[in-house]
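What follows is each chain in one-letter form.
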Amino acid sequence: MNKKNKPVWGTRIKGKTSAIFEKISSSIYIDKRLFKEDIHASIIHVEMLNRQKIINFKVKNKIIWGLKKIQNQIIKKKYEFDYKDEDIHMSIEKKLFEIIGEDAGFIHTARSRNDQVLVDFKIWMINSNLRLIKMLDQTIKNILRIAEKNIYTVMPGFTHLKNAQPISFAHYILAYVEMFERDKKRLKRNFDSLYENPLGSGAFSGTSFNIDRNFTTKKLGFKKPTGNSIDTVSDRDFVLDFLYASSVCAMHISRFAEEFIIWNSDAFKLITLNDSIVTGSSIMPQKKNPDTLEYLRGKVGNSYGNLFSMLTILKGLPLSYFKDLQEDKKIVFETYDNLSNSIKIFNDVLKNFTINKKEMLELADKGYITATDLADYFVKELNYSFRKSYQLTAKIVNYCEKNKKFFSDLSIQELKKIEPNIKDNVIKVFDIRNSVNSKKSYGGTSFENIKKMIRKYRNA
Ligand code: ARG
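Counting from 1, residues in each chain are numbered in the order their sequence is written. Owing to the predicted nature of the model, reporting of local features is limited to residues with pLDDT of at least 70; listing and counting of side-chain atom pairs is limited to 80 or more, with chain, interface and lining totals taken over all residues. Heavy atoms from the whole structure form the basis of all side-chain values; hydrogens and water molecules are not counted.

### Topic: a nonpolar patch on the surface
What counts here: Think of a patch as exposed residues, more than 30% relative accessible area, with no salt bridge, where like charges cluster within 9 Å and nonpolar side chains (Val, Leu, Ile, Met, Phe, Trp, Tyr) cluster within 5 Å. For the accessible areas, the method is Shrake-Rupley and the probe is 1.4 Å, while residue cover comes only from the protein chains on display. Every case where a carboxyl oxygen of Asp or Glu lies within 4 Å of a side-chain nitrogen of Lys or Arg is listed as a salt bridge. Helix and strand definitions follow DSSP, with helices as H or I runs of at least four residues and strands as E runs of at least two, each counted in order from the N terminus.
A cluster of nonpolar side chains, Val8, Trp9 and Ile13, forms an exposed patch at the surface whose accessible area comes to about 250 Å². Considering the arrangement of structural elements, one finds Val8 in the segment before α1 (19-25).

### Details of the packing of helix α6 (residues 113-149) against helix α11 (residues 237-264)
In helix packing, the relevant descriptors are the interaxial angle and the interaxial distance, both defined with respect to the helix axes. Our working rule: All axes here are fitted lines through C-alpha atoms, helices being fitted over the stretch that makes contact, and every angle between N-to-C directions spans 0 to 180 degrees. Here roughly perpendicular refers to angles of 65 to 115 degrees, roughly parallel to angles under 35, roughly antiparallel to angles over 145, and oblique to all remaining angles. Left-handed describes a crossing whose near helix is turned anticlockwise from the far helix by less than a right angle; the clockwise case is right-handed. It only takes one pair of heavy atoms within 4.5 Å for two residues to be counted as in contact.
With their axes 11 Å apart at the nearest point, α6 and α11 run at an angle of 20 degrees to one another. With respect to their mutual orientation, α6 and α11 come out roughly parallel. Seen from above, α6 lies across α11 with left-handed handedness. Between α6 and α11, the contacting residues are Leu118, Phe121, Lys122, Met125, Asn129, Leu132 and Leu136 on the first element and Phe238, Val239, Phe242 and Cys249 on the second.

### Topic: the nonpolar core
Spelled out, the test is: Think of a nonpolar core as a cluster: buried Ala, Val, Leu, Ile, Met, Phe, Trp, Tyr and Cys residues, connected wherever their side-chain atoms sit within 4.5 Å. Here's how the labels work: a residue is buried when its accessible area is under 20% of the maximum for its type, exposed when over 50%, partly exposed in between, all with a 1.4 Å probe on protein chains only.
Residues Phe169, Tyr172, Ile173, Phe180, Phe260 and Trp263 are the most contacted members of the largest nonpolar core, which totals 117 residues. If you tally residues by element for this core, the top one is α6, at 17 residues. Residue contacts for Trp263: discarding those within four places in its chain leaves Met155, Phe158, Phe169, Tyr172, Phe268, Lys269, Leu270 and Ile271. By size, the runner-up hydrophobic cluster in this structure holds 19 residues, among which are Tyr368, Phe407, Leu410 and Val429.

### Details of empty space enclosed by the protein
As a reminder of what qualifies: Detection works on a 1 Å grid of protein atoms alone, calling trapped sets that fit a 1.4 Å probe cavities and calling open sets with protein on both sides within 12 Å along at least five of seven lines pockets, with lining residues defined by an atom within 4 Å of a point. Grid points are joined across faces, edges and corners, and a volume is the space filled by probe spheres set on the points.
Evaluated as defined, the whole model comprises one cavity of 30 Å³ or more. The calculated volume of the largest cavity comes to roughly 50 Å³. What lines the largest cavity is simply Asp38, Ser42, His89, Met90, Ile92, Glu93, Ile107, His108, Arg111, Arg113 and Gln116. Elements that contribute at least two residues to the lining of the largest cavity include exactly α3 (35-51), α5 (88-100) and α6. The element best represented in the lining of the largest cavity is α5, accounting for four residues.

### Overview of the pattern of salt bridges
Overall, the coordinates contain 20 salt bridges when judged by the stated rule. The residue Lys451 makes a salt bridge to Glu448 at a minimum N-O spacing of 3.4 Å. Here Lys451 pairs with Glu448, and both are found in helix α19 (residues 447-459), just three residues apart, close to one helical turn. By relative accessible area, which is 25% here, Lys451 ends up partly exposed. Overall, Glu448 belongs to the partly exposed group, its relative accessible area being 45%. One salt-bridge network, held together by shared partners, links Glu86, Asp87, Arg113 and Lys323.

Listed below in structure tokens is the structure:
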């Protein structure tokens, strides 16, 4: 739209745009979020145009003055966003005409909305990635604090949700440090392409003006200009990378949430959630439901959906710009908002639960959880092969089950009936703390290892 309230293409396209299409296809209420990036990039763009003698000094200053005024109006909420302006770029250009007059017409020299929108979007995404990485740093710190206090908290480790081998709670929760460190890495890996400057690609073929892309690259904080103008305006790989990295991170949070939902259940009772992260029932007065965790588990669906939306939009799309691509911002903003909210809520969860150590230990003592240790004992003490030791241990488990005994109830005499070579020192094998501490292989659950890893993560 120009100042006469007609679109800039009004001279060419005389008919009125379909009212419903005009309304529905406008992205201004979504991309107004890019106003700061748009104004900043426009200022650098006109500075470059002036340096290259494409526009004069006076016009450049006038445009910058006008743009800053617009920025102030938007910040002070004295700016009206109108869907008829289509998007934030056209809205700001129109406003510039209102403020500085016809000289505003020079701002769009040697650029297109196709490269303009990508500059704004990439700058926004760089900053958002940095924010997410910082938030994950906080999450990792919270986890390390919990781990430090729970090195000696023994719990049952599960496979198939059945008691498998005893572990330290610290070791369990430190698994998530590895995951969130990988999430940070995945986000950081995307910087390579995010830091390539699209400005100067024009509509898709470059520009005949003698522009300086290295200048805008430097001033806008990019690392280098993109290499092919057609690819530049067609490319949304950096969007997919972000959506994938976000989906994986949200998935990690959802796995944690699911485990805590199970452990908080009346069947497990391994942890208790504080009142600040539970909600009640409208009919059952006794209930304390883990809604926050369910929210975290559920939200990941939205991230996956958005990743698949974008993949589908791009499938078979011919090169260069198409309106289809405009969806990218809604998808990215929504994914970012959901993920950053989820991380914040997750950080709250980490500060608001108690570990029921007694119940953990009791559950860890069930289900012949030290059976692997017994099999290992036969290998080490009696030089049996692991498979032979495994079968022998299975026999002992069967014997216990039949006679309704735990390992610790067995006398040496009983054990010797099954395996005559067994020695008295077998007793220590049934101790679950001993079992945890015996896993001294690098990355295992022994107490010393855990302490070492906490130190390592702290210094990372
Ligand atoms: N709002 C548009 C988008 O986000 C900007 C690019 C428009 N370009 C065009 N040729 N219509 O995709």
